[in-house]
Amino acid sequence: MARDRANSDDYTGPLKRLLAILLVLILTGIFLVWRIDSPRVERFRAQVTDKVLPNFEWAMAPVTATITLIRDFQSYQSLHEQNQELKRELQKMRKWKEAAVQLGQENARLLDLNQVRLDPRLTFITGVVMADSGSPFRQSVVINIGSHDGILDGWAAMDGIGLVGRISGVGNNTSRVLLLTDATSRTPVTVQPSGQQGLLVGDNTLAPALEFLENADAVRPGDRVVSSGDGGVFPAGLLVGEVATDPGGRMRVRLAADYERLEFLRVLRHHGAERILDPGKLILPETPPDSATAETTETEAGGADG
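This text gives an overview of the structure that appears in the document.

Reading the values: the criteria
Here the residue index of a chain counts from 1 through its sequence in written order. Per-residue local features are limited, in this predicted model, to residues with pLDDT of at least 70; the limit for side-chain atom pairs, both in listing and counting, is 80 or more; totals at the level of whole chains, interfaces and linings are taken over all residues. As a convention, hydrogens and water are excluded, and side-chain values are obtained from all of the structure's heavy atoms. What counts as a helix is a DSSP run of H or I of at least four residues, what counts as a strand is a run of E of at least two, and both are numbered from the N terminus. Only protein chains enter the calculation, and the probe is 1.4 Å; a residue is then buried if its accessible area is under 20% of its type maximum, exposed if over 50%, and partly exposed in between. The contact criterion used throughout is that any non-hydrogen atoms of two residues lie within 4.5 Å. Areas reported as accessible are Shrake-Rupley estimates using a 1.4 Å probe. Residue values count occlusion only from the protein chains shown. We define a salt bridge as a contact between a side-chain nitrogen of Lys or Arg and a carboxyl oxygen of Asp or Glu at a distance within 4 Å. Any two rings among Phe, Tyr and Trp, with Trp reduced to its six-membered ring, count as a pair given centres within 6.5 Å; such a pair is stacked if its planes are under 30 degrees apart, edge-to-face if over 60, and tilted if neither. Here, over-ring charges are defined by two tests on the NZ atom of lysine or the CZ atom of arginine: distance to the ring centre within 6 Å, and angle to the ring normal within 35 degrees.

### Description of the overall build of the chain
Counting its secondary structure elements, the chain contains four helices and twelve strands. A burial count over the chain gives 27% of its 306 residues as buried. Long-range pairs, those at least 24 residues apart, make up 57% of the contacts in the chain between residues at least 6 apart in sequence. Taken as a whole, the chain presents about 20,800 Å² of accessible surface, with 57% of it coming from carbon and sulfur.

Spelled out as structure tokens, the structure:
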């Protein structure tokens with residue numbers, strides 16, 4: 001067996017060398033033929049190309065498919081990059097659209113403020129809502145105008161449609177507005193067209209209660225509610241809302257102001273109003289000293305008689 005393998009190697013080695021030499025000679029000949037610049041050689045090359053290339057289409061198919069695949073991948077990569085760029089541009093456009101919508105809404109509210117018809121004797125100053133109380137037990141907002149702008153406690157604040165509340169606390173550059181919905185808010189109102197007087201009582205809901213009506217039977221849902229001006233705190237005739245009833249039959253007021261979107265408030269300079277120094281005076285007048293002394297004397301006399 002070893003002898004047969006040796007004999008096989010003796011024949012295989014020279015055969016491989018011979019094939020290699022022939023391959024080199026063939027390739028050298030093809031190279032020389034393709035490099036020779038002669039009309040006859042050129043015609044020969046053309047004839048060879050016409051004969052060989054059509055028969056090699058099956059061999060070129062994988063190469064063509066590979067080239068097409070590479071081009072498709074490059075095209076897909078380019079499309080992916082373009083898609084990502086378009087997504088970034090779309091995100092920017094959405095941000096610009098949102099900014100434009102917000103500016104449009106702010107502009108509409110400012111236009112609403114300018115269209116509110118007020119008493120010509122009243123002047124106003126517009127402030128921007130900076131923050132709210134954030135508490136279910138305290139309904140108020142902070143605006144960016146204060147004593148430097150001449151703001152005083154008790155002045156009325158409105159949005160583009162109706163009454164929102166009153167100034168309750170003034171700083172140098174900010175003021176707090178106590179909303180009509182606050183549980184401590186009490187506002188004298190008039191129901192139109194019946195002319196019934198009542199009190200708007202805040203209860204931390206968007207529809208405060210309407211109480212102490214002179215004749216509740218004369219009031220109907222949908223009637224217009226305005227400030228009465230009693231007590232000299234609010235000017236008379238400011239729109240508050242309209243009458244509504246809850247499921248329990250209790251009279252309430254559906255406020256005209258949009259409490260969900262308070263961004264700008266108009267503070268009315270009501271110089272004829274009574275100056276508010278103590279929030280308690282918004283509801284009950286201060287007891288005169290003489291009346292208090294008389295009540296004390298009567299109490300003491302009654303105790304002595306007893």
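### So, the pattern of salt bridges
Under the criterion given, the structure shown has five salt bridges. Close ionic contact of Glu211 with Arg250 constitutes a salt bridge, the shortest N to O distance being 2.3 Å. Of this pair, Glu211 sits in strand 8 (residues 209-211) while Arg250 sits in the loop between strand 10 (239-245) and strand 11 (251-255), placing them 39 residues apart in sequence. Judged by its relative accessible area of 23%, Glu211 is partly exposed. With a relative accessible area of 36%, Arg250 lands in the partly exposed category. Asp246 is paired through a salt bridge with Arg252; the nearest N and O atoms lie 3.2 Å apart. Residue Arg252 is classed as buried on the basis of its relative accessible area, which comes to 16%.

### Observations regarding the packing of aromatic side chains
Within the structure shown, the criterion is met by zero aromatic pairs. Residue placement shows Arg266 over the ring face of Phe124; its charged tip is 3.7 Å from the ring centre.

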